[in-house]
Amino acid sequence: MKSFWMSEACDLGPDHSSGAMITRLTSAVMSNINIYCEQPYTNPAGTRIAIMRSHYADPRIPPYELCVIDLNTLKLITIEKKCLSNFIATAGWSGILYYLDESLRLIKFSMDSLEKQIILDNWHMPDHFVLHSASPDGKYLIGTLYDENFISSIIRVDLLNGTCNKIFEHYELLTHLQFNPVNGKDILVQINRGMQLNHLHEVRTVPDKKATGTGATHAIIDVNGNNYRPLPIGEPITASSSGHSAWIADTARIGVTTHFNDMAHAGDLDNRYPTGNFFVIAPEETKPQVFHAPCHRFNHVSISKCGKYFVSDSYCYGLPGSIPLVIGNIKTGKCRIAISNCGAQGGGPACSHPHPYLTADNKHIIYNADPTLICHVYKAHIPDEFYESLE
């Protein structure tokens, strides 16, 4: 079936707090999402984004449609009607996506040219394999495999010769894998300590008190699964990681948020760090650097391509309640609300999470919202003077 560029967008006017012009980009009565925030699914020019949609609460679980939206024309084109991979892999802002099509072929897709290339004609990984990230040089994909013994493995797929190799394993749950989006030499890994997952996606606690700690933390490994470097986040240093983190450009540093008490009522921050829950961390440091924003409760965080800014939703009003989107300047320590209420419900399913990220040129926040219980993807055009106010 031939696809065409279609109009689904609708301008909604400016945000009263920042002047950012808000546009709803989708209209189909489906769960439409921007995929995820940690590794932005957008092109290097910041003019196109990828989205998933399906009739389920989390369109990242197959089958789902893959679409591209042009932010200049505000038109959408369907790329695949039925993707079968768990998630889609990318290198942030590269505009290159990797997924399984309906015939279980591994496809490399360019958001700019709309060209597809068959990388592997016969995908031989089991259907519970989860794609996570692509190296920026186009050599590798990485993903997770969970076996019947509740062991988590990181699998590296060589895109040049088609081989799949286990490079790292752990008896606690591994997730949120991210190649360094600039040099691809290292991989950021989230470890959910005390938790295990099997091939049926059944969760259990680590037996016999063998857990390495409590709650989520993060570490860095190299592209071969070696040189394990723990990061100073999570107990006993801070509250547990929220599970949302991202590389800060090519600095070898990571931006991450931590949990706070009682999300429903915007509870207290960790008393060890009472002034904020967004941190900058590095493996050679023993303590994290806190971004001072005591009035916010950050959650889904993303870092700009340039490494200067972060954007995150803030649960400062509790749930249910307004969820503002905040942009912060990591260097100056200043932050400001860009969207006073993004409209997301902030519930359990992915289609109720904002997952905001900045396009490569920092001109737009791309986010999800479900104010009518049907999730759509939105963009907010950020005025230049907004960034000037963060200097």
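Everything below is about the structure shown above.
Presented here is a report on the structure given in the accompanying data block.

## Focus: the sheet that holds strand 20 (residues 215-222)
In step 1: In spatial order, the strands read 16-17-20-21; together these 4 strands make up an open sheet with antiparallel pairing. Here the strands that pair on one side only, and so sit at the sheet edges, are strand 16 (173-179) and strand 21 (229-230).

## Some remarks on unusual backbone geometry
In step 1: In this chain, P62 is followed by P63 through a cis amide linkage whose omega measures 0 degrees.
In step 2: Inspection of the secondary structure assignment puts P63 in the loop between strand 5 (48-54) and strand 6 (64-70).
In step 3: The residue after L319, namely P320, is reached through a cis peptide bond having omega -5 degrees.
In step 4: Locating P320 in the fold gives a position in the loop between strand 27 (309-314) and strand 28 (325-329).
In step 5: Positive phi outside glycine occurs at F150, with the angle close to 65 degrees.
In step 6: Examined against the element boundaries, F150 turns out to sit in the loop between strand 13 (140-146) and strand 14 (152-158).
In step 7: Residue F150 is classed as buried on the basis of its relative accessible area of 10%.

## Some details on the pairing of strand 26 (residues 298-303)
In step 1: The buried fraction of strand 26 is high, at 6 of 6 residues.
In step 2: Here strand 26 pairs with strand 27 via 4 bridges, running antiparallel. Bridge pairing in strand 27 links S302 to V311.
In step 3: Following strand 26, the chain reverses through 5 residues before pairing antiparallel with strand 27; G307 in that reversal takes a positive phi of roughly 80 degrees.

About the thresholds
Residues numbered from 1 in each chain as written. Predicted model: local features only at pLDDT ≥ 70, side-chain atom pairs only at ≥ 80, totals over all residues. Heavy atoms only, no water. Pairing = 2+ DSSP bridges. Helix = DSSP H or I, 4+ residues; strand = E, 2+ residues; numbered from the N terminus. Buried < 20%, exposed > 50% of the residue type's maximum accessible area, 1.4 Å probe, protein only.

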